[in-house]
Amino acid sequence: MWRDLLPLGRHPRSGGYRRYAWTGADAECRAWFAAQAGLRGLRLDVDRNGNQWAWLGDPADGDAVVTGSHLDSVPDGGAFDGPLGVVSAFAALDELRRRGTPLGRPLGIVNFGDEEGARFGLACVGSRLTAGQLTRAQAHRLTDGDGITLPRAMEAAGHDPDALGADPERLARIGAFVELHVEQGRALDLSGDRVGIASAIWPHGRWRFDFRGEANHAGTTRLADRRDPMLPYAETVLAARREAELAGALATFGKIAVEPNGVNAIPSLVRGWLDSRAADRTSLDTVVAAVEKAARDHAAAHGVDLDVVRESHTPVVDFDHALRDELARILRRDRDHSPAPSRIPVLGTGAGHDAGILSASIPTAMLFVRNPTGVSHSPAEYAAEDDCLAGVTALADVLEGLVYR
């Protein structure tokens, strides 16, 4: 499965993945998912929001257990973020069938659409729509960098954008969702563990800073006469780093758009996107407020106008304690053959996930697989094969404990 999936959407020069929502690469990944479901005799279901579901048993029976993740990527992303969870889900099902334990609850495998938000600027679109955290009207206003709206992109891919919306009936049939994911950090590598359990997702969000100055000639305009928006933007980037360090948080300006974007032209507009994350809401609010204040002070000093727009925000997510404890109990039971209970590492994360979005609607939990370098959202993202196989075993044990009982 991994070998067949690897070439899809891979850029020949960067070696990274460009699997953006509702593109040709996305269609190839969806076809791969459908083929894997077909090989196993699973019933394929594409919901109103474009998410793919593969079912063993009838979900209408209720109390289903679902696993999976996503197949799309950030620009020039790695191979493991998302796909490891989907591949591992199919592999765990294969392992459960090999063990031959009777089915007790319906089992589903899901591929959520547009988790990364690389094309339309909002993460977890598929799961947000399903959970009612994104309305149809809001989704219809999403636009990519080429001016193509989400509805137009969906129609071109053969999906009806007018069907978008909350899907409470589907969620009501799900008793638990467990997402396996490569760790985006080095906690497991430092502790020497192959697999861990997620405790919570930090609150996080995205803010757009629009610095508006005056375009002019780079070679003839005196420095004193300039209203250059690049200067307050640059000072704001430094302020973000400083404020994050003071709060023990994270703040990143990772995307920028410049107009008119000429080498010999002073910009009229510099638009930068801030991604900020912290262990708690107070720390996050403190960082963002401090960055915005610094931006406004620097903009005023340079005669530049500033607009700040919050594009998304996700509050802290505490995964379902009962489900998390059940995962720990199952993994201790299946791995420990000594009198003393084995330690199952539990760790938080600053990265957002579909499991976090769904946590407000259904019990959710996550398993992390060791990442030896901690690198993610990069072609250098990596997990060793032995660790990936350990993740499959752990997921199979968890599913067996939840489904086959």
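Look above for the structure.
Rules of the game
- Residues numbered from 1 in each chain as written.
- Predicted model: local features only at pLDDT ≥ 70, side-chain atom pairs only at ≥ 80, totals over all residues.
- Heavy atoms only, no water.
- Helix = DSSP H or I, 4+ residues; strand = E, 2+ residues; numbered from the N terminus.
- Rg over C-alpha atoms; globule rule 2.2 N^0.38 Å.
- Buried < 20%, exposed > 50% of the residue type's maximum accessible area, 1.4 Å probe, protein only.
- Axes fitted to C-alpha atoms, helices over the stretch in contact; angles between N-to-C directions.
- Parallel < 35°, antiparallel > 145°, perpendicular 65-115°, else oblique.
- Left-handed = near helix turned anticlockwise from the far one by under 90°.
- Contact = heavy atoms within 4.5 Å.
- Nonpolar A, V, L, I, M, F, W, Y, C, P; charged D, E, K, R; others polar.
- Pairing = 2+ DSSP bridges.

Participant: Looking at this structure, I do not really get the overall build of the protein. What am I missing?
Facilitator: The number of helices and strands found in the protein is 13 helices and 15 strands. Against the 2.2 N^0.38 benchmark of 22 Å for 405 residues, the protein shows a C-alpha radius of gyration of 23 Å, consistent with a compact globule. Along the first, second and third principal axes, the C-alpha atoms of the protein reach 80 × 50 × 40 Å. Per-residue burial over the protein gives 54% buried out of 405 residues.

Participant: Would you explain the packing of helix 3 (residues 83-99) against helix 13 (residues 385-403) in this entry?
Facilitator: Two packed helices can be described by the angle between their axes and the distance between those axes. The N-to-C vectors of helix 3 and helix 13 enclose an angle of 60°; their axes lie 8 Å apart at closest approach. The orientation of helix 3 with respect to helix 13, classified from their angle, is oblique. By crossing handedness, the relation of helix 3 to helix 13 is classed as right-handed. Residues L84, S88, A89, A91, A92, E95, L96 and R99 of helix 3 form the contact with helix 13, whose own contacting residues are C388, V392, T393, L395, A396, D397, L399 and E400. Split into classes, the residues belonging to the contact of helix 3 with helix 13 amount to ten nonpolar, two polar and four charged.

Participant: Would you take a moment to explain the pairing of strand 1 (residues 43-46) for this structure?
Facilitator: As a general feature of sheets, a regular strand has side chains that alternate between the two faces. Relative to strand 2 (residues 52-56), strand 1 runs antiparallel, the two being bridged by four bridges. Among the inter-strand pairings, L44 is bridged to a residue of strand 2, identified as A54. Where strand 1 hands over to strand 2, the hairpin turn is made up of five residues, of which G50 adopts a positive phi near 85°.

Participant: Could you clarify how one ought to interpret the packing of helix 9 (residues 230-247) against helix 10 (residues 281-301) in this entry?
Facilitator: The N-to-C vectors of helix 9 and helix 10 enclose an angle of 155°; their axes lie 9 Å apart at closest approach. One element, helix 9, and the other, helix 10, form an angle in the roughly antiparallel class. As for the relative orientation of helix 9 and helix 10, their crossing is right-handed in sense. Residues P232, E235, T236, A239, A240, E243, A244 and A247 of helix 9 pack against V287, A290, V291, A294, A295, H298 and A299 of helix 10. Per-class residue counts for the contact of helix 9 with helix 10 are eleven nonpolar, two polar and two charged.

Participant: Is there a simple way to think about the sheet that holds strand 9 (residues 250-259) in this case?
Facilitator: Within a sheet, each strand pairs with its neighbour through backbone hydrogen bonds, oriented either parallel or antiparallel. Ordered in space as 9-11-7-12, the four strands form an open sheet in which the pairing is antiparallel. Every interior strand has two partners, whereas the edge strands, strand 9 and strand 12 (305-314), have only one. For this sheet, the mean angle separating the axes of adjacent strands, direction not counted, is 15°. The strands touched by helix 9 within the sheet are strand 7 (204-212), strand 9 and strand 11 (269-277), with strand 9 carrying the most contacts at an inclination of about 170°. Here helix 10 sits on the sheet in contact with strand 7, strand 9, strand 11 and strand 12, set at roughly 5° to strand 7.

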